[in-house]
Amino acid sequence: MNPLQKMDMHKESFTQNDLLIYETIRRNPAGIIHMTTSTLADECGVSQPALSRFVKSLGYSRYQDFRTDIVAWLALQGEQEAGGSSHLSYYNTLYAVLRESETLLTDEYMSGLAEYINRFERIFLTGVGKSFHPAQLFDVLMRKSCRPIQAVSRDYLIEAADYMNENDLLIIFSVSAAAHIMQDSCRAVGKIMLVTANANHDYRERVDKTVLLPYVQPDPESSSVSPILFNVFVELLVSYLLKEKKES
């Protein structure tokens with residue numbers, strides 16, 4: 001997960017000082033490359049201890065580590081832009097996202113997800129455009145489990161939502177958690193699990209569980225590898241679901 005994504009993910013818990021730092025860095029990430037702790041603190045209008053607390057809340061031991069992460073991320077962005085339409089640029093992006101996902105989708109995390117999903121008798125899956133593909137893949141891979149699982153296109157989502165009960169689970173695949181898919185999905189009576197790359201989606205109160213997958217570009221919608229990562233996640237998740245069900 002790149003440093004800007006880490007900030008986005010923690011934004012809801014930010015203090016007023018944290019928001020000043022967040023907004024300053026977000027406006028110009030490259031601007032902090034040569035800034036010391038004191039220089040950036042002055043730029044943000046906060047104290048140095050406030051800046052230190054901010055970076056530690058993101059998981060960094062010190063400001064210098066956070067700045068190094070920013071520099072590495074910006075360098076990767078530069079490589080991708082310089083690569084233009086080269087297939088090597090695409091593969092570099094894919095490798096970077098897969099490396100990020102490896103740190104997130106740990107054995108403990110996936111086992112917990114499998115345990116959560118296996119609580120439900122019926123599972124419905126949906127998505128729009130390329131994000132519907134992982135829903136279909138999930139459906140196909142889980143047929144061997146003989147469980148009632150159904151991928152539902154957006155055209156039939158409202159009808160499916162009305163059909164669901166409180167013991168059902170609806171899994172939504174949406175890179176950006178766009179309003180048009182989320183509003184229809186939120187009609188469902190059952191629980192909702194969202195698989196997305198958008199840490200700042202507006203449906204936290206309605207979504208029971210969120211799986212946040214990484215992306216490299218500043219805008220997740222511009223990342224053509226996001227749907228591929230969704231499929232990788234589905235393949236991995238199904239293996240844990242079948243294993244957890246077999247052992248229970």
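Residues numbered from 1 in each chain as written. Predicted model: local features only at pLDDT ≥ 70, side-chain atom pairs only at ≥ 80, totals over all residues. Heavy atoms only, no water.

Asker: Go over the overall build of the protein chain with me, naming the residues and quoting the values.
Answerer: Across its full length, the protein chain carries 11 helices and 5 strands. Going through the 248 residues of the protein chain one by one, you find that 47% of them count as buried. Restricting to contacts in the protein chain with at least 6 residues of sequence separation, those with at least 24 account for 65%. Accessible surface for the protein chain amounts to roughly 12,600 Å². Of this, 49% is attributable to carbon and sulfur atoms. (Helix = DSSP H or I, 4+ residues; strand = E, 2+ residues; numbered from the N terminus. Buried < 20%, exposed > 50% of the residue type's maximum accessible area, 1.4 Å probe, protein only. Contact = heavy atoms within 4.5 Å. Areas by Shrake-Rupley, 256 points an atom, 1.4 Å probe, with all protein chains shown as cover.)

Asker: Describe the sheet that holds strand 4 (residues 191-196), and please don't skip the residues or the numbers.
Answerer: Ordered in space as 2-1-3-4-5, the 5 strands form an open sheet in which the pairing is parallel. A single partner strand is all that each edge strand has here, and the edge strands are strand 2 (149-151) and strand 5 (209-212). Within the sheet, the average angular offset between the axes of one strand and its neighbour, ignoring direction, is 15 degrees. In the packing of helix 8 (residues 133-142) onto the sheet, contacts are made with strand 1 (122-127), strand 2 and strand 3 (168-173), and the angle to strand 2 comes to roughly 150 degrees. (Pairing = 2+ DSSP bridges. Axes fitted to C-alpha atoms, helices over the stretch in contact; angles between N-to-C directions.)

Asker: Describe the pattern of salt bridges, and please don't skip the residues or the numbers.
Answerer: Enumeration according to the criterion identifies 8 salt bridges in this entry. Salt-bridge contacts for Arg154 lead to Asp184; the nearest nitrogen and oxygen are separated by 3.2 Å. Of this pair, Arg154 sits in the loop between strand 2 and helix 9 (157-163) while Asp184 sits in helix 10 (residues 179-185), and the two are 30 residues apart along the sequence. Using a relative accessible area of 15% as the deciding quantity, one classes Asp184 as buried. (Salt bridge = Lys/Arg side-chain N within 4 Å of Asp/Glu carboxyl O.)

Asker: Go over the side chain of Asn2 with me, naming the residues and quoting the values.
Answerer: Structurally, Asn2 is set in the segment before helix 1 (3-10). The exposure class of Asn2 is buried, given its relative accessible area of 6%. Here Leu4 takes part through its backbone nitrogen, which lies 2.9 Å from a polar atom of the side chain of Asn2. (Polar contact = N/O pair within 3.5 Å; in protein donor to acceptor, adjacent residues only side chain to side chain.)

Asker: Residue-level account of the pairing of strand 3, with values.
Answerer: Along strand 3, 6 of the 6 residues are buried, which leaves the element largely enclosed by surrounding structure. Of the two faces of strand 3, both are covered, the one formed by Asp168, Leu170 and Ile172 as well as the one formed by Leu169, Ile171 and Phe173. Of the pairings in the sheet, the one linking strand 1 to strand 3 comprises 6 bridges and is parallel in character. Counterpart to Ile123 in the pairing with strand 3 is Leu169. Sheet topology note: the strand 3/strand 4 ladder contains 5 bridges and is parallel. The partner of Ile171 across the bridge, within strand 4, is Met193.

Asker: Explain the packing of helix 1 against helix 2 (residues 16-27) residue by residue, including any values.
Answerer: Packed helices, taken two at a time, are described by the angle between their axes plus the distance between the axes. Following both chains from N to C, one finds helix 1 and helix 2 inclined at 145 degrees, their axes separated by 11 Å at the closest point. Crossing hand, helix 1 versus helix 2: left-handed. Contact residues: helix 1 offers Leu4, Met7 and Asp8, while helix 2 offers Tyr22, Ile25 and Arg26. Broken down by class, the residue content of the contact of helix 1 with helix 2 amounts to 4 nonpolar, no polar and 2 charged. (Left-handed = near helix turned anticlockwise from the far one by under 90°. Nonpolar A, V, L, I, M, F, W, Y, C, P; charged D, E, K, R; others polar.)

Asker: Help me get a handle on helix 3 (residues 37-44), residues and values and all.
Answerer: All buried positions along helix 3 are accounted for by Thr37, Leu40, Ala41 and Cys44. The buried residues of helix 3 all sit within an arc of 105 degrees when viewed along its axis, so they share a single face. Seen from the open side of helix 3, the exposed residues pointing more than 90 degrees away from its buried face are Asp42 and Glu43. Just past helix 3, the residue Gly45 takes up positive phi, approximately 80 degrees. (Arc of directions from axis to C-beta.)

Asker: Tell me about the packing of aromatic side chains, and name the residues and values.
Answerer: What the rule picks out here adds up to 7 aromatic pairs. With a centroid separation of 6.2 Å and an interplanar angle of 85 degrees, the aromatic rings of Phe124 and Tyr163 are classed as edge-to-face. On the criterion of sequence distance, the pair formed by Phe124 in strand 1 and Tyr163 in helix 9 is long-range, its members being 39 residues apart. For Phe124, a relative accessible area of 5% gives the class buried. With centroids separated by 5.9 Å and ring planes inclined at 55 degrees, the aromatic side chains of Phe173 and Phe230 adopt a geometry described as tilted. Residue Phe173 is located in strand 3, and its partner Phe230 is located in helix 11 (residues 226-247); the two are separated by 57 residues in the primary sequence. (Phe/Tyr/Trp six-rings, centres within 6.5 Å; stacked < 30°, edge-to-face > 60°.)

Asker: How would you sum up the pairing of strand 1? Please name residues and give values.
Answerer: A large share of strand 1 lies buried, amounting to 6 of its 6 residues. Pairing analysis gives 3 bridges linking strand 1 to strand 2, with the strands arranged parallel. If you follow Ile123 over to strand 2, its bridge partner there is Ile149. Taken together, strand 1, helix 8 and strand 2 constitute a β-α-β crossover, and its handedness is right-handed. (Right-handed = clockwise from strand over helix to strand, strands pointing away.)

Interpretation in functional terms is not warranted from these geometric data alone.
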